[in-house]
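# A look at the structure
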Amino acid sequence: MENKVKRNLPDDLMTKMSLKPFEGVNIGNPDVQRVAPKASVTTGENKVVESLEEVIKKTLKDGMTISFHHHFRNGDFAFNKVMDLIIKLGYKDLTLAPSSLTGVMNDKVIEAIKKGVITNITSSGMRGSLGDFVSHGGLKNPVIFRSHGNRARSIEEGEIKIDVAFLGVPVSDPAGNANGQEGDAVFGSLGYALVDAQYADKVVLLTDNIVDYPNTPASIKQTQVDYIVKVDQIGDADKIGSGATRFTKDPKELKIAQMVNQVIVNSPYYKQGFSFQTGSGGAALAVTRYLRQSMLDDNITASFALGGITKPTTDLLEEGLVNKVMDVQDFDKGAAASMAKNKNQQEIDASWYADPHNKGAVVNNLDVAILSALQIDTDFNVNVMTGSDGVIRGAIGGHQDAASAKMTIITAPLVRGRNATIVPSVETVVTPSDSIDVLVTERGIAINPKRQDLIAAFSKVPELKIVDIKDLQKMAEKQVGTPKPLEYTDRTVALIQYRDGTIIDTIKEVKD
């Protein structure tokens, strides 16, 4: 069957898994029912147990679904501690449902797959050796990739039923009141873990720092926690993120950032009380710096900044240029440290952030979103999931979610290395063209034809060179040539869901 973005979907899988094809970005106001979290009754206030192995034996059975969060990023020690024991104990046919998979987890996941411990995965993304392994058919069943908002929706509506959530935290008291703001491995917001803590049948906290009761602020509450395991070290703070994130010196990235800033300040959304979301990476961080100067020059403040948060954004909060920071994840140590001392840096869970089926996600109030892309095609569809070789090497993250902003800007160089970024057709559609408004490259900006209002506004700005996206694609092709078409087998190795759970694209197995 074919969906709205003209992607052919496998009829057998769609029928077998009761999946629906993507029909459009206008989700509307569906009348949906939340699944009530399962209550666990415990006696006493001390839930600390001596042995992680004992907890796993008490809570886990073959065929169950287990979850983890990725706030520790590559400084995570919790995942491998748990998976080592699960593999050793010989469990089979588990579904792995983390908020995302980071590089530090890859080897252990591959080992678990090869031994039949994990047979299903749902995640926001994967990279490196695991992405390569899955892309070449290493997993028995197709991975289901979901955005952060869609993952929250899927858990709340019962599509993902988490049997046991193993959640690493930097600090907890003996009853299970925990946060990410104190301890030796501070990472700030626990946003992606909060939905797991609320809905999982069993919640196991791992920490290296147990403090006196009651521990506040309590992001995860004692009412949600079944067991607490003390470990020697829960994470490496130096690998969670850098300190003050570096301002890029790359001329191409700086040029793109300057143009993005010009797009923002000359748009109808740049006014007192506007809101924005930027990502991480050199160009995005440079945008924040340029935007800061424009806001100072124009005496404008923002009502809120959203999303994965970096130190340049919390610096705006400290300066009074941003009134509130709505924080679902911190990308560096500076932003993480800021949360503990600034009450206007509000921790939010993934549902509040971006669930399209709740009674009002923060992304619905977003004016401007600045996002990146691995590829964007001449129809303005965006790929953040697969490389030019067809291998899984990215994550949906909050890309689809933030793209619901009133103006969504994609930043991308014309080419990366020997690969074009602007292409006739992306390998994998992740965020559809109806969500994308402006593409900014070092060679000019392209505006989605559906946004005639923006074309009219930016045509009056001398600093902005408006170029047809098809001309940008030809420039890229002239620079790097036309690649040979990729070869795939007929086997589907991954399904890409849109925010509402419909299937927007599939990823096929790459031929050796």
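Description of the structure in this document.

### Here's the deal with the pairing of strand 7 (residues 164-168)
Buried residues dominate strand 7, accounting for five of its five residues. Examined bridge by bridge, strand 2 (residues 65-67) and strand 7 share two bridges and lie parallel to one another. Along strand 7, the bridge assignment pairs Ile66 with Val164. Strand direction decides the pairing type here: strand 7 and strand 10 (residues 202-207), joined by five bridges, are parallel. Directly across from Gly168, in strand 10, lies its bridge partner Leu206.

### With respect to the side chain of Gln329
For Gln329, the location among the structural elements is in strand 14 (residues 322-330). On the basis of relative accessibility, which here comes to 3%, the residue Gln329 falls in the buried class. Not counting chain neighbours up to four residues away, the residues in contact with Gln329 comprise His70, His71, Arg73, Ser189, Tyr192, Gly307, Gly308 and Ile309.

### Focus on the sheet that holds strand 14
Spatially, the eight strands line up as an open sheet ordered 15-14-13-12-16-20-24-25, and their pairing is mixed. This sheet does not close on itself; its edge strands, each paired only once, are strand 15 (345-347) and strand 25 (444-447). Going from strand to strand, the sheet's axes swing by 20° on average, the running direction of each strand aside. Relative to strand 13 (residues 302-309), strand 12 (residues 275-277) runs parallel, the two being bridged by three bridges. Bridging from a neighbouring strand, Phe276 pairs with Ala305 of strand 13.

### Overview of the packing of helix 6 (residues 148-156) against helix 7 (residues 191-199)
Where helix 6 meets helix 7, the axes come as close as 10 Å, and the angle between the chain directions of the two elements is 5°. Relative to helix 7, the element helix 6 is oriented roughly parallel. The residues of helix 7 that touch helix 6, namely those facing His148, Arg151, Ala152, Ile155 and Glu156, are Tyr192, Val195, Asp196 and Tyr199.

Conventions and cut-offs
Residues numbered from 1 in each chain as written. Predicted model: local features only at pLDDT ≥ 70, side-chain atom pairs only at ≥ 80, totals over all residues. Heavy atoms only, no water. Buried < 20%, exposed > 50% of the residue type's maximum accessible area, 1.4 Å probe, protein only. Helix = DSSP H or I, 4+ residues; strand = E, 2+ residues; numbered from the N terminus. Pairing = 2+ DSSP bridges. Contact = heavy atoms within 4.5 Å. Axes fitted to C-alpha atoms, helices over the stretch in contact; angles between N-to-C directions. Parallel < 35°, antiparallel > 145°, perpendicular 65-115°, else oblique.

None of this, on its own, says anything about what the molecule does.
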